[in-house]
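Structural features, examined
Spelled out, the chains give:
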Amino acid sequence: MNTVIIYNSKTGFTEKYAMWLKEALKADCCTIKDAKSMNLDKYDAIIFGSWVCAGNVSKSKWFWDRFSSWNNKCLAVFAVGGSPRENPDIDKFLSTVIPAECTNAKAFYCQGGFAYEKMDGPSKFAMKLFVKMLKSRKNQTDDEKYMAEMISHSYDISDKKYILPIVEYVQGWTAN
């Protein structure tokens, strides 16, 4: 299957997953900036990956604005975030990623991490403010304490195993 992976990465985690997918699927791979000027008609499968920001997949509007012209293609979106995959909120989030009218797409989550040293000033400031707010909350839940501790510093929990469901989906896809 002729496949392209299009990605948007801010601190490197999404790019890492895109490169792993490129290798596993023997696919073409490019940034969203490059994809905007490409003809994607030659691809049977189009995979878009980006990072999670405030409950959304960054830059996914670009992808979803085009899906109606890709009815006969296998579509996948992978969202990369700092939460562990086991977080029950991840499945709730994934259920909101794909527009209801898009029946030829599937969403996936790949745990990544935080790289404060690669963030721009406003993003770093917003995250530090969020951590401070979490830590100062009265009657914190265990989940809030864990989250505040986890995102208070850089970490990498990415793992190549999270591409396996995406690879299986694309390799097993058949047009409706």
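Residues numbered from 1 in each chain as written. Predicted model: local features only at pLDDT ≥ 70, side-chain atom pairs only at ≥ 80, totals over all residues. Heavy atoms only, no water.

Attention now moves to the overall build of the protein. Scanning the protein for helices and strands turns up seven helices and eight strands. Counting the 176 residues in the protein, one finds 47% classified as buried. By sequence separation, contacts in the protein at least 24 residues apart represent 75% of the contacts at least 6 residues apart. Surface summary for the protein: the accessible area is close to 9700 Å², and the carbon and sulfur share equals 52%. On the protein, the mean spot of the 24 positive side-chain charges and the mean spot of the 20 negative ones are 5 Å from each other. (Helix = DSSP H or I, 4+ residues; strand = E, 2+ residues; numbered from the N terminus. Buried < 20%, exposed > 50% of the residue type's maximum accessible area, 1.4 Å probe, protein only. Contact = heavy atoms within 4.5 Å. Areas by Shrake-Rupley, 256 points an atom, 1.4 Å probe, with all protein chains shown as cover. Lys, Arg positive; Asp, Glu negative; His and termini not counted. Charge placed at Lys NZ, Arg CZ, Asp CG, Glu CD.)

This part takes up the layout of surface pockets. Size it by volume and the largest pocket reaches roughly 1100 Å³. At the level of elements, α1 (13-25), β3 (45-53), β5 (74-81), α4 (88-94), β7 (113-114), α5 (121-136) and α6 (142-150) are the ones that each hand at least two residues to the lining of the largest pocket. A total of six residues in the lining of the largest pocket trace back to one element, the largest contributor, which is α5. Grouping the constituent residues of the lining of the largest pocket by class yields 24 nonpolar, 12 polar and five charged. (1 Å grid on protein atoms, 1.4 Å probe; cavity = no way out; pocket = protein on both sides within 12 Å on 5 of 7 lines; lining within 4 Å. Points joined across faces, edges and corners; volume = space filled by probe spheres on them. Nonpolar A, V, L, I, M, F, W, Y, C, P; charged D, E, K, R; others polar.)

Any two side chains of opposite charge can pair, given that their charged atoms come close. Within the structure shown, the criterion is met by seven salt bridges. A salt bridge links aspartate 91 to arginine 85; the nearest nitrogen and oxygen atoms lie 2.8 Å apart. Aspartate 91 sits in the partly exposed class, given a relative accessible area of 47%. For aspartate 89, the salt bridge goes to lysine 92, with nearest N and O atoms at 3.4 Å. Note that aspartate 89 and lysine 92 are positioned in helix α4 at a spacing of three residues, about one turn of the helix. (Salt bridge = Lys/Arg side-chain N within 4 Å of Asp/Glu carboxyl O.)

Together, Phe130, Met133 and Met147 make up a nonpolar patch on the protein surface, roughly 230 Å² of accessible area in all. As for its position among the elements, methionine 133 is in helix α5. Methionine 133 sits in the partly exposed class, given a relative accessible area of 36%. (Patch = residues over 30% accessible without salt bridge, like charges linked within 9 Å, V, L, I, M, F, W, Y side chains within 5 Å.)

By the element assignment, glutamine 140 lies in the loop between α5 and α6. Only 2.3 Å separates the side chain of glutamine 140 from the backbone oxygen of leucine 134, close enough to count as a polar contact. (Polar contact = N/O pair within 3.5 Å; in protein donor to acceptor, adjacent residues only side chain to side chain.)

Attention shifts here to the packing of α1 against helix α7 (residues 164-172). In the contact formed by α1 and α7, the axes pass within 10 Å of each other and the chain directions differ by 40°. Here α7 runs oblique to α1, going by the angle between their axes. Considering only the axes of α1 and α7, their crossing is right-handed. Residues Leu21, Ala24 and Leu25 of α1 lie in contact with α7, whose contacting residues are Ile166, Val167, Val170 and Gln171. Considered class by class, the residues forming the contact of α1 with α7 number six nonpolar, one polar and no charged. (Axes fitted to C-alpha atoms, helices over the stretch in contact; angles between N-to-C directions. Parallel < 35°, antiparallel > 145°, perpendicular 65-115°, else oblique. Left-handed = near helix turned anticlockwise from the far one by under 90°.)

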